Amino acid sequence: MDGQTHRTPPAHPGSQTGPRRVLPYSRLTVIGMGSWGTALAATAARAGCETRIWGRRADLVQRLTDTGENPDHLPGIPLPDGLRAFADLAQALDGTEAVLLVTPSHTLREIARALRPHLPAGVPIALCCKGIERGTGYLLSHVIEEELPGHPVGALSGPTFARETALGHPTAATVAFPFRHNDRISPEQAPATRLAMTMQTDAFRPYVSDDLVGVEVGGAVKNVIAIACGMMTGAGFAENTRAALITRGMDEMKFLAEALGGRRETVTGLAGAGDLTLTCSSTTSRNMALGTQLGRGLPRAECFDGKPVVVEGEVNAVSVVDLARRLGVRMPICEAVHAVLHEAAPLTQTFQQLWAAPIEGEPRALDLFLHPAEGDPA
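All figures in this text were calculated on a predicted structure; none of them were measured in a lab. (Residues numbered from 1 in each chain as written. Predicted model: local features only at pLDDT ≥ 70, side-chain atom pairs only at ≥ 80, totals over all residues. Heavy atoms only, no water.)

Student: Looking at this model, I keep getting lost on the nonpolar core. Mind explaining?
Tutor: Soluble globular proteins tend to pack their nonpolar side chains together in the buried interior. With 46 residues, the main nonpolar core has Val221, Val320 and Phe351 as its most contacted residues. Looking at this core, the elements that each hand over two or more residues are α9 (212–234), α10 (239–259), α12 (270–279), α13 (286–295), α14 (312–327), α15 (332–342) and α16 (347–355). The biggest single contributor to this core is α9, with 12 residues. Discounting residues that sit within four places of it in the chain, Phe351 has contacts with Ala228, Met231, Met232, Ala336, Val337 and Val340. (Core = buried A, V, L, I, M, F, W, Y, C linked by side-chain atoms within 4.5 Å. Buried < 20%, exposed > 50% of the residue type's maximum accessible area, 1.4 Å probe, protein only. Helix = DSSP H or I, 4+ residues; strand = E, 2+ residues; numbered from the N terminus. Contact = heavy atoms within 4.5 Å.)

Student: Honestly, the environment of Lys222 in this entry has me stumped. Any pointers?
Tutor: Note that Lys222 resides in helix α9. The exposure class of Lys222 is buried, given its relative accessible area of 6%. With 58 residues separating them in the primary sequence, Lys222 and Cys280 have C-alpha atoms 8.1 Å apart. In this structure Lys222 touches Lys130, Met253, Asp275, Leu276 and Thr279, once residues within four positions along its chain are discounted.

Student: What is the right way to look at the pairing of strand β7 (residues 171–176) in this model?
Tutor: For a regular strand, side chains alternate in direction, first toward one face of the sheet and then toward the other. The buried fraction of β7 amounts to five of the six residues, a majority that puts the element mostly inside the structure. As paired elements, strand β6 (residues 153–157) and β7 share three bridges and run antiparallel to each other. Pairing of Ala155 across the sheet is with Ala176, part of β7. Relative to strand β8 (residues 204–209), β7 is paired through six bridges, and the arrangement is parallel. When the sheet's bridge partners are listed, Thr174 is paired in β8 with Tyr207. (Pairing = 2+ DSSP bridges.)

Student: What should I look at first to understand the packing of α10 against α15 in this one?
Tutor: For any two helices packed against each other, the geometry is given by the interaxial angle and the distance between the axes. It is the contact of α10 with α15, at a shortest axis distance of 8 Å, that shows an interaxial angle of 105 degrees. As the angle between them shows, α10 and α15 are arranged roughly perpendicular. Every residue of α15 that contacts α10 at Leu245, Arg248, Gly249 and Glu252 is listed here: Pro332, Ile333 and Cys334. Tallied by class, the residues present in the contact of α10 with α15 amount to four nonpolar, one polar and two charged. (Axes fitted to C-alpha atoms, helices over the stretch in contact; angles between N-to-C directions. Parallel < 35°, antiparallel > 145°, perpendicular 65-115°, else oblique. Nonpolar A, V, L, I, M, F, W, Y, C, P; charged D, E, K, R; others polar.)

Student: What exactly am I supposed to notice about the sheet that holds β6 here?
Tutor: Sheets are built from strands that pair by backbone hydrogen bonding, the pairs being arranged parallel or antiparallel. Read from one edge of the open sheet, eight strands run β3-β2-β1-β4-β5-β6-β7-β8, paired in mixed fashion. Each edge of the open sheet is held by one strand with a lone partner, namely β3 (84–86) and β8. Between one strand axis and the next, the sheet turns through 25 degrees on average, direction left out of account. Strand direction decides the pairing type here: strand β1 (residues 27–31) and strand β2 (residues 50–54), joined by five bridges, are parallel. Residue Ile31 lies in a different strand from β2, and its bridge partner there is Trp54. Along the sheet, helix α1 (residues 35–46) makes contact with β1, β2, β4 (98–101), β6 and β8, crossing β2 at roughly 165 degrees.

Student: Can you help me understand the side chain of Thr51 in this one?
Tutor: The residue Thr51 is located in strand β2 in this model. For Thr51, a relative accessible area of 1% translates into the label buried.

Student: Please explain the pairing of β6 as it appears in this structure.
Tutor: Most of β6 is tucked away, with five of its five residues classed as buried. A two-sided burial pattern is seen for β6, the buried positions comprising Val153, Ala155 and Ser157 on one face and Gly154 and Leu156 on the other. For strand β5 (residues 125–127) and β6, the ladder comprises three bridges, and the chain directions are parallel. Each bridged residue has a counterpart across the sheet, and for Ile125 the counterpart in β6 is Val153. Since β5 and β6 lie parallel, the crossover through helix α5 (residues 140–147) that links them has a hand, and here it is right-handed. (Right-handed = clockwise from strand over helix to strand, strands pointing away.)

Here you go:
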């Protein structure tokens, strides 16, 4: 696991051009020294890429340098020897060929502005955080395009718990960038393809997508649905309830992705269904954990033992619902989570209303919306 030889994949069946050589990036910078940023940096270093990681806290940078692990976020997991940590952005970004942005979604614009003076021209940026900006309704890629014009912008997303990834458990994820005309003619030169090859190890398997919108929507909405699953689990409900919320939640993801120009197919892939299933199935997810504690009746201030833990789905419940309302997209599960978290709605009654809603057809082609009959039948 200390390194990985990059191999050229065989030609696709029917290809007339034969195998194409994909050139991985030789130097990569990870911005963000939390658990996921550290896990991704470790993965890239094990793949043979010269990897740097930047963190705000000089003390944590020094401890990672001295001990070879991240004691605050991934304690007990040894990191590759070649991974170098910096508290200075200019040093971390000097000569970099690609950047992974792994910061909380609500700090993304601030971080992007801080990067601007130090980022080499044209370097591709992959978002590894998930969300929709509050107020503007922007996908995070739009925030980067606004703050850092001239850089290809994509995302890396999928069913990935940081600790398991850092330990080298088999993991798959999607790398998505929009494909321009030249990217389709020479896909081996596309940022998504090169970054996927850069990150590939014996345990980390990236897939390539050109649907950035679908990948971003999946990542933002799944956190909200995970809180819903946690709420119902904490309230004493079991597998039937969670399976229903996951399935109908994925439909909400599909509708919002389509409304923004994404594809339903993407939502059924790793960055949609895969990430949703993982996040809704374990309290390793902070979103699921928050919902579970609230479902048990714990006040928000007492969740996580009173510690100020950032939960992306809590923030995104506002931005996702606001955006859906603007677009006229119905997202009843996300609305329920928003009502409980931000409007002091009673949890049990709010979710009971989901099951009492008018009956609908599951396929969209079956246009049904049936209200229960009122009163006794004649």
